Amino acid sequence: MTASETAKTLAFSAAQAAADKKAFAFNLRDVTSKIALTDVFVIVSASNERQVHAVVDAVEERLIKEHDARPLRREGKGGEQWVLLDYNDIVVHVFHKEARDYFGLDGLWKDCPEIEFVDQADVERERRAEVAEGDGEDEE
């Protein structure tokens, strides 16, 4: 069994919302073969506690706006070192960098299939650069 298309769509939306707030070290894992409670873990890092909060807010806002999805559970609001958002089909983990290193969640799920995430803002920047480069060639 593999992650549902719904889960993958939610995971990509959550990851893109995090990327838009400058989160980094994206790790999306199809955990269907290991646990029955969810399909995909989205694990991201943020540089500081304020950024953790901003990433969490952005993920929640995007999933509500684009998918009418609200978390069933939100854990870790206190210190903003690690916040977990449970959407049933996906679970989003937003870590402060040091907390992520300490808890080692990535290592626990390393044998689950990775789902590749591509930041669409990077794709758009590359496309614009290619177009600009092409425009410069016309002038020669």
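Residues numbered from 1 in each chain as written. Predicted model: local features only at pLDDT ≥ 70, side-chain atom pairs only at ≥ 80, totals over all residues. Heavy atoms only, no water.

Under an unreviewed UniProt entry, the protein chain has the name Ribosomal silencing factor RsfS and belongs to Glycomyces rhizosphaerae. Its UniProt record, at the heading Subunit (unreviewed entry), says of the protein chain: "Interacts with ribosomal protein uL14 (rplN)." (UniProt positions renumbered as here; feature names shortened; annotations may be inferred.)

**Student:** Quick one: what's the story with unusual backbone geometry, residue by residue and with numbers?
**Tutor:** Unlike most non-glycine residues, A25 shows phi in positive territory, near 55°. Tracing the chain through its elements places A25 in strand β1 (residues 24-30). For A25, a relative accessible area of 40% corresponds to the partly exposed category. One non-glycine residue, D68, lies in positive phi territory at about 50°. (Helix = DSSP H or I, 4+ residues; strand = E, 2+ residues; numbered from the N terminus. Buried < 20%, exposed > 50% of the residue type's maximum accessible area, 1.4 Å probe, protein only.)

**Student:** Would you mind going over the packing of aromatic side chains in detail, with residue names and values included?
**Tutor:** Inspection of every chain in the model, using the stated rule, returns five aromatic pairs. Ring geometry for F26 against F117: centres 4.9 Å apart, planes inclined by 40°, an arrangement best described as tilted. Highlighted residues: F26 in strand β1 and F117 in the loop between α4 (105-108) and α5 (120-138), separated in sequence by 91 residues. When its relative accessible area of 17% is taken as the criterion, F117 is described as buried. When the centroid spacing of 5.0 Å and the interplanar angle of 80° are considered together, the rings of F41 and W109 count as edge-to-face. (Phe/Tyr/Trp six-rings, centres within 6.5 Å; stacked < 30°, edge-to-face > 60°.)

**Student:** Tell me about the pairing of strand β4 (residues 82-86), residues and numbers included.
**Tutor:** Of all the five residues making up β4, four are buried; the element is thus mostly covered by neighbouring parts of the structure. Where strand β3 (residues 73-75) meets β4, three bridges bridge the pair, whose relative direction is antiparallel. Bridge pairing links E75 to L84 in β4. Across five bridges, β4 lies against strand β5 (residues 90-96) in antiparallel orientation. Bridge pairing in β5 places L84 opposite H93. Count of turn residues in the β4/β5 antiparallel hairpin: three residues, of which N88 carries a positive phi of about 75°. (Pairing = 2+ DSSP bridges.)

**Student:** Which residues make up the sheet that holds β5, and what are the values?
**Tutor:** Read from one edge of the open sheet, five strands run β1-β2-β5-β4-β3, paired in mixed fashion. Two strands lie at the open edges of the sheet, namely β1 and β3, each paired on one side alone. Averaged over all neighbouring strand pairs, the angle between strand axes comes to 10°, with direction disregarded. Where strand β2 (residues 40-46) lies against β5, seven bridges are found, and the strand directions are parallel. Bridging across to β5, V42 finds its partner in V92. (Axes fitted to C-alpha atoms, helices over the stretch in contact; angles between N-to-C directions.)

**Student:** Describe the environment of R29, and please don't skip the residues or the numbers.
**Tutor:** Looking at where R29 falls in the secondary structure, it is placed in strand β1. Owing to a relative accessible area of 12%, R29 belongs among the buried residues under this scheme. It is 5.2 Å that separates the C-alpha atoms of R29 and F41, two residues lying twelve residues apart in sequence. Discounting chain neighbours no more than four positions away, the residues touching R29 are D39, V40, F41, W109, K110, C112, P113, E114 and I115. Here the side chain of R29 touches C112 through a polar contact of 2.7 Å, landing on its backbone oxygen. (Contact = heavy atoms within 4.5 Å. Polar contact = N/O pair within 3.5 Å; in protein donor to acceptor, adjacent residues only side chain to side chain.)

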